[in-house]
Amino acid sequence: MKKVFIKSYGCQMNHYDSERMLESLTPLAFQQTESVEEADMVILNTCHIREKAADKLFSDLGRLNQLKNRRQQQGHKTVLTVAGCVAQAEGEEIQKRAPYVDIVIGPQAYHRLPQILETPAYQNADEKISTLGVVDTEFPIESKFDHLPKNRSKTNVSAFLTIQEGCDKFCTFCVVPYTRGAESSRPVSDIVKEAQQLVSNGAQEIILLGQNVNAYHGIAEKNAESWGLARLLYELAEIDGLRRLRYTTSHPLDMGDDLIKAHGKIDVLMPYLHLPVQSGSNRILKLMNRRHNTNDYERVINQLRSIRPDIAVSSDFIVGFPGETDQDFKETLAFVNKIGYAQAFSFKYSARPGTPAATHDHQVDEIVKDRRLQELQALLDQQQHDFNQKIVGQIIPVLFEKTSRYDHQIQGRSPYMQLVHAIATNELIGHIRNVRVDLAHPHSLVGTLQPVSSGYTG
Ligand code: 5AD
Ligand code: SF4
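Quantities reported herein were computed from a predicted structural model and do not represent experimental measurements. (Residues numbered from 1 in each chain as written. Chains lettered and ligands numbered in written order. Predicted model: local features only at pLDDT ≥ 70, side-chain atom pairs only at ≥ 80, totals over all residues. Heavy atoms only, no water.)

**Q** Mind showing me how you'd approach the sheet that holds strand β17 (residues 395-403) here?
**A** Within a beta sheet, neighbouring strands are joined by backbone hydrogen bonds and run either parallel or antiparallel to one another. Spatial strand order, β17-β18-β19-β21-β20: five strands in a closed barrel with mixed pairing. Averaged over all pairs of adjacent strands, the angle between their axes in this sheet comes to 55 degrees, without regard to strand direction. Lying over the sheet, helix α14 (residues 366-391) contacts β17, β20 (432-440) and β21 (445-449), oriented at roughly 115 degrees with respect to β20. (Pairing = 2+ DSSP bridges. Helix = DSSP H or I, 4+ residues; strand = E, 2+ residues; numbered from the N terminus. Axes fitted to C-alpha atoms, helices over the stretch in contact; angles between N-to-C directions. Contact = heavy atoms within 4.5 Å.)

Next up, the structure:
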């Protein structure tokens, strides 16, 4: 058996892709290792969404080159692979700056990895492989999903399932439409089959993934119609043994009435929605080409709350977008106060090469961005803490996923996506159990396991 080490940066879709790449390497006798030192193949699955994420790649690569040289002196070769969105966007640059990288492969070409590894040069142990650089960053006509292994070999308690990739929205700050390409949806039956396999392999929860997941419009062979996300959710909810269903990441424009209604009708659809707004200023939303304003967003949230009053809402924010004034930023803070978030992610604007906003004249000073980020994060943390505080004393069903870093505790998620720690044995991992919440921290809850007979565990 050869060993493969994989590191995923960035979004959940990269984690999903990494799992699928590993599965595609199993027939070539590769086994996953947690130790990079012993790896015959190292894959870095990269993220290009912000500059920091991309910079990190080059510092990691420097260290890996040293490791590769050390291993070579001991007579072992190491195939160094860069995958993901940096590979897609900066393939040539990687080859120039890090010529010791053997394979550069874009997110739409992963299924060709086994083929590349089966070429004679990679098979021959004596070959000096640092001279064999392969760059595969095309957007192939065939879908990678048709060529990745059909069977999901293993799964987590909470499993990711990519149903849609790419984006046609072209927000002016975002690299996704360039790195992941045009919006494309997988056929319904492929998704249902994969979900069934995940559940029969032990998944209790499935998180449907897509850069613009609610733009989903896959073909249903049954009636040759195109299905939206709502219809797909109803279908997946029928799978026996599936306890929880979520989807991410959504765009406010694609929150149709049918999808909103589904939140009140589908039991296994959890009361949590990640719906990025990015800014609370309509002027900035326009410059971002978001194609929605704050009213549109608020309307969606109000509709959702009228159908599912306890729904936890999450978002992404960017501060310091080119041209953002103090007044715009104040409007963002006011909007956050108006909506009330259960949690949220916020980032400093990072100019991405090739995106329209990168060349905008009025870039915001880093110091101003820092100050705004701190202020926004303090407000969002406060809201998250308040949301968590409200749950103290309640009994909630927790899906336990793994051991906690605290002694004798295991951890899982509440229906609202909160991290929950409780004293319990590892046997409960993979199960949903009721927990009484005793304590709320800003980013997690601590609770006491309840006897199995204590009511609702859905
Ligand atoms: N700068 C900062 N944040 C960004 N995001 C996307 N592009 C950029 C950028 N250029 C953030 C958005 C998006 C999340 C995944 O990353 O908030 O929703
Ligand atoms: Fe990027 Fe999301 Fe905008 Fe698409 S909708 S361009 S993925 S931020």
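**Q** Teacher, can you tell me more about the sheet that holds strand β10 (residues 205-209) here?
**A** Strand order in this open sheet of three strands is β7-β10-β13, and the pairing throughout is parallel. Pairing within the sheet leaves two strands with one partner each, and these edge strands are β7 (158-162) and β13 (244-248). Each strand of the sheet is rotated relative to its neighbour by a mean of 25 degrees, with strand direction disregarded. Note: β10 against β13, five bridges, orientation parallel. Residue pairing for β13: isoleucine 207 is matched across the bridge by arginine 246. Sheet strands touched by helix α1 (residues 12-25): β7, β10 and β13. Its angle to β7, the strand with the most contacts, is close to 90 degrees.

**Q** Help me out: how do you make sense of the side chain of glutamine 384 in this one?
**A** Following the sequence through the fold, glutamine 384 ends up in helix α14. What makes glutamine 384 buried here is its relative accessible area of 13%. With sequence-adjacent residues up to four places away left out, glutamine 384 is seen in contact with Tyr341, Ala342, Gln343, Pro442 and His443. (Buried < 20%, exposed > 50% of the residue type's maximum accessible area, 1.4 Å probe, protein only.)

**Q** Help me understand unusual backbone geometry in this model?
**A** Glycine aside, residues mostly have negative phi angles, and peptide bonds mostly take the trans form. In this chain, threonine 248 is followed by threonine 249 through a cis amide linkage whose omega measures 5 degrees. Mapped onto the elements of the fold, threonine 249 is located in the loop between β13 and α10 (257-265). A positive phi is found at alanine 29, a non-glycine position, where the angle reads about 65 degrees. One non-glycine residue, methionine 417, lies in the positive phi region at around 80 degrees. Structurally, the position occupied by methionine 417 is in the loop between β18 (409-413) and β19 (419-423). A residue is classified by how much of its surface remains accessible, and methionine 417, at 15% relative accessible area, is buried.

**Q** What should I look at first to understand helix α13 (residues 326-339) in this one?
**A** The periodicity of an α-helix, 3.6 residues per turn, causes residues three or four places apart in sequence to face the same way. Taking 1.5 Å of rise per residue, 14 residues should cover 20 Å, and α13 covers 20 Å from first to last C-alpha, within 8% of that figure. The complete set of buried residues in α13 reads Asp328, Phe329, Thr332, Leu333, Phe335, Val336 and Ile339. Take α13 and look down its axis: the buried residues cluster within an arc of 160 degrees, on one side only. Exposed positions of α13 whose direction lies more than 90 degrees from the buried face are Lys330 and Lys338. Note on α13: the residue one or two positions beyond its end, glycine 340, has a positive phi of about 75 degrees. (Expected span 1.5 Å × (residues − 1). Arc of directions from axis to C-beta.)

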